[in-house]
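# Per-entry structural report
Below are the chains, spelled out letter by letter.
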Amino acid sequence: MTPLLSIRDLRTYFHTEAGVARSVDGVSFDIGEGETVGIVGESGCGKSVTALSILRLIQPPGRIEPGSRIEFEGTDLVTLDDEAMRRVRGNRISMIFQEPMSALNPVFSIGDQVAEVMRIHGGVSRRQAWDRAVETLALTGIPSPEERAKQYPHQLSGGMRQRVLIAMALIMKPKLIIADEPTTALDVTIQAQILDLLMQLKKEFGTSILMITHDLGVIAEVAERVIVMYAGEVVEHASVSELFAHPHHPYTEGLMGSMPHIGHDTERLNVIPGTVPAPTHWPTGCRFFDRCRYSWDRPENEHPPLYDVGTNHQSRCHLAVEPQHRNQPHEPLVIREGAGAA
Amino acid sequence: MPGQTPDSAVTDPARPRHSPLALGVRAILRKRSSRIALAVLGVIVVIAVLAPLLAPYDPSAQPDIVSGKDLAPSLAHPFGTDPYSRDVLSRVIYGARLSLTIGILATLVSLTFGVAYGAVSGYLGGFTDAIMMRFLDALLSIPRLLLLLGVLVAWPHLSIGALIVFLGLTGWFGLSRIVRGQVLALKHAEFVTAAEALGASRRRILVRHLLPNLVSPIAVAATLGIAHVIVLEAGLSFLGIGVPQPIASWGNIIYDGADQIARLWWMSLFPGLFMVITVMTLNVLGESLRDVYQRR
């Protein structure tokens, strides 16, 4: 079966005066019909740029480099003309943003904003669009939607606003919803409600979801497959159960180590030292080298490919071919450098 | 409240709507000074609208050029008469009509140009923006009065329509700067990206999402702009190159009496008072609007 979305060698570069920032650098993955795929990684690893690239919302000086392919329902979105692309957005693929306050226009009632999506794509009357908006708001669990629809964003709580954004993303019954950190700005209790809502709606409409987050807990709860991104690349790719049972890439290990566990009486959470390097200057060999606990000097210093490390499990780490180095953890290089340089 | 989900604990649905317009109206009504200003301005507008009913005489009629001229204020002529025996009260009433009309129409012209120019420049950005802004800098470097004087001296006997257009065309530079700045700040707002992600076209984003967010600065600019145009028109008419005779505007009534200001004091005092009051009320209203919009 052909997947719903198939991304091959996606490269999104920002041509700035400081150099070419290779924010997304050769990313490939698929999303099947009705599947939920998670992309996880820390700030600056390229996950949001990947999401925006799918909808072609990259602003200059950024651009999707020639040769990248984003196939959705059999058409290549990269080469689609602007008008056709506009009809895909919000209609076939829609997006939920992180900040529910700033993603809503402050001077329009929420009903107007949900109905607007319908007006853009639906070719329906104002009245019909409004009715559908109220219906969709009800679907996302907003109480007394008729009255709420007339309210302005600042009159709603964060959780309510996120439901409005979900209603906007959902009203055209798209095939794919991209959720960029949809729960990051919310309280923990509301986070769970919103994730439940997304999953319930997904079941109801058979929508595929691409969930972008830095929170492995969210991934564990909703996703079937996980893509771990680091420095503009996919560094590990596996099913959720496989990834949590057998994390391979040291970066994935680090992400898991930095999650709090109930019952584990550790004084401090583990952190991955250092930060993602600047996208204008990715290291030539392994991009995680200086933050890695297992790094060792390889005379070739070649860039690691995605190794197969299990069934449907890939990892961009030389440990796949030289596993003995896992027995010699050490302090990452970045700490030694940091003492002098920073 | 038991049983209520935490995120529904917000304001009750019966709360009134807060569109920018409603906010502005409430701001004006809340302050005493702006309430008074609104009332006074309302009276002047009513006078202007009902001019034919209120004016005791025809404003351009010269009933008795020999014995009816230069009469001091009396019961028959509360504001006196001018050197052509015309009734000053009637002229001031009709002048209100003309001065306000010129103020409003010229400001509409300014708003149209200023908002369109600024919005396009800010939204397109980059090279286009740079060119458009340098052109604006050039225009801004010439004082508005000088521009108008130049035009009016080059083309004397302009019709009132042309005068309105020229007043409007010289008044949009500052506003378009403000609009451009706001659009520039707003176009990277997340709700704009969100609208794009949902398939809104560029035109739709500009018209539906960006411009409505500019209501506040535009309302302030409009209110203050009308006041400015009224003063400018009076100034030009006073110099004899504004509204042509025998049509009455506040500026040219003052002009008619200017050379004998000590003797025919009523000719300058009454239209002048009306003008000062109108401009003051407009400024008070503009400041109130600015206060509430800037606080947000």
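Our subject is the structure that appears above.
Now for a quick tour of the structure. (Residues numbered from 1 in each chain as written. Chains lettered and ligands numbered in written order. Predicted model: local features only at pLDDT ≥ 70, side-chain atom pairs only at ≥ 80, totals over all residues.)

The next thing to look at is the overall build of chain A. Per the secondary structure count, chain A includes 11 helices and 13 strands. Relative to the globule expectation of 20 Å for 342 residues, the C-alpha radius of gyration of chain A, 21 Å, shows essentially globular dimensions. Reported as C-alpha extents along the three principal axes, the dimensions of chain A are approximately 70 × 50 × 45 Å. When the 342 residues of chain A are sorted by exposure, 48% land in the buried category. Considering only intrachain contacts with a sequence separation of at least 6, the fraction spanning at least 24 residues in chain A is 66%. (Helix = DSSP H or I, 4+ residues; strand = E, 2+ residues; numbered from the N terminus. Rg over C-alpha atoms; globule rule 2.2 N^0.38 Å. Buried ≥ 20, exposed ≤ 12 C-beta atoms within 10 Å, placed from the backbone. Contact = placed C-beta atoms within 7 Å.)

Here we come to the interface of chain A and chain B. Contacts between the two partners involve 34 residues from chain A and, on the opposite side, 26 residues from chain B. Within the residue set of the side of chain A that touches chain B, elements represented by two or more residues are helix H2 (82–88), strand S7 (93–96), helix H3 (110–122), helix H5 (145–148), helix H6 (158–170) and helix H7 (188–205) of chain A. Among the residues forming the side of chain A that touches chain B, the class breakdown is 15 nonpolar, 12 polar and seven charged. (Nonpolar A, V, L, I, M, F, W, Y, C, P; charged D, E, K, R; others polar.)

Attention now goes to the nonpolar core. Counting 155 residues, the largest nonpolar core has Val114, Val164 and Leu210 of chain A as the members making the most contacts within it. With 15 residues, helix H4 (residues 88–124) of chain B is the single largest residue contributor to this core. Apart from the residues lying within four places of it in its own chain, the contact partners of Leu210 of chain A are Ile31, Val37, Ile39, Ala51, Leu176, Ile178 and Ala179 of chain A. (Core = buried A, V, L, I, M, F, W, Y, C linked by C-beta atoms within 7 Å.)

Here we come to the environment of Leu77 of chain A. All names here are of chain A. By the element assignment, Leu77 lies in the loop between strand S6 (75–76) and H2. Sequence separation between Leu77 and Leu4 is 73 residues, and the spatial gap between their C-alpha atoms is 12 Å. Not counting chain neighbours up to four residues away, the residues in contact with Leu77 comprise Ile54, Arg56, Ile70, Phe72, Met85 and Val88.

A word on the pairing of strand S9 (residues 208–213) of chain A. All names here are of chain A. Of all six residues in S9, six are buried, a share of seventy percent or more. Of the two faces of S9, the one carrying Ser208, Leu210 and Ile212 and the one carrying Ile209, Met211 and Thr213 are both buried. Here five bridges tie strand S8 (residues 176–180) to S9, and the two strands are oriented parallel to one another. Its bridge partner lying in S9, Ile177 is registered against Ile209. Handedness of the S8-H7-S9 crossover: right-handed. (Pairing = 2+ DSSP bridges. Right-handed = clockwise from strand over helix to strand, strands pointing away.)

Here we come to unusual backbone geometry. All names here are of chain A. For the peptide bond that leads from Pro60 to Pro61, omega is 10°, which places it in the cis range. For Glu181, which is not glycine, the phi torsion reads 45° and is therefore positive. In this structure, Glu181 sits in the loop between S8 and H7. Despite not being glycine, Asn312 shows a phi value in the positive range, around 50°. Along the polypeptide, Asn312 turns up in the loop between strand S12 (307–310) and strand S13 (313–315). Taking the number of C-beta atoms within 10 Å as the measure of exposure, Asn312 has 10 and is therefore exposed.

Let's shift gears to the pairing of S8 of chain A. Residues and elements named next belong to chain A. Most of S8 is tucked away: five of the five residues are buried. Burial along S8 is two-sided: Leu176, Ile178 and Asp180 facing one way and Ile177 and Ala179 facing the other are all buried. Note that S7 and S8 share four bridges and pair parallel. When the bridges of S8 are listed, Met95 appears paired with Ile178.

Residues and elements named next belong to chain A. Here eight strands make up an open sheet; going across it, the order is S7-S8-S9-S3-S10-S11-S13-S12 and the pairing mixed. Because the sheet does not close on itself, it has two edges, and the strands there are S7 and S12. Across the sheet, the mean angle from the axis of one strand to that of its neighbour is 25°, orientation sign disregarded. Summarising the sheet, strand S10 (residues 225–230) and strand S11 (residues 233–239) pair through six bridges and their orientation is antiparallel. Note on S11: the bridge partner recorded for Ile227 is His237. Running at roughly 175° to S7, H6 makes contact with S7 and S8 of the sheet. (Axes fitted to C-alpha atoms, helices over the stretch in contact; angles between N-to-C directions.)

A pair of packed helices is captured by two measures, namely the crossing angle of their axes and the spacing between those axes. Residue and element names in this part refer to chain B. Look at helix H11 (residues 215–238) against helix H12 (residues 250–258): their axes get within 7 Å of each other, and the N-to-C directions meet at 35°. Considering only the axes of H11 and H12, their crossing is right-handed. Touching Glu233, Ala234, Gly235, Leu236, Ser237 and Phe238 of H11 are Trp250, Gly251, Asn252, Ile254, Tyr255 and Ala258, all from H12. Its residues assigned to classes, the contact of H11 with H12 comprises seven nonpolar, four polar and one charged. (Left-handed = near helix turned anticlockwise from the far one by under 90°.)

Our next topic: helix H4 (residues 126–139) of chain A. Residues and elements named next belong to chain A. An ideal rise of 1.5 Å per residue puts 20 Å on 14 residues; H4 measures up with 20 Å between its terminal C-alpha atoms. All buried positions along H4 are accounted for by Ala129, Arg132, Ala133, Val134, Thr136 and Leu137. Buried residues along H4 sit against H3, H5 and H6. (Expected span 1.5 Å × (residues − 1).)

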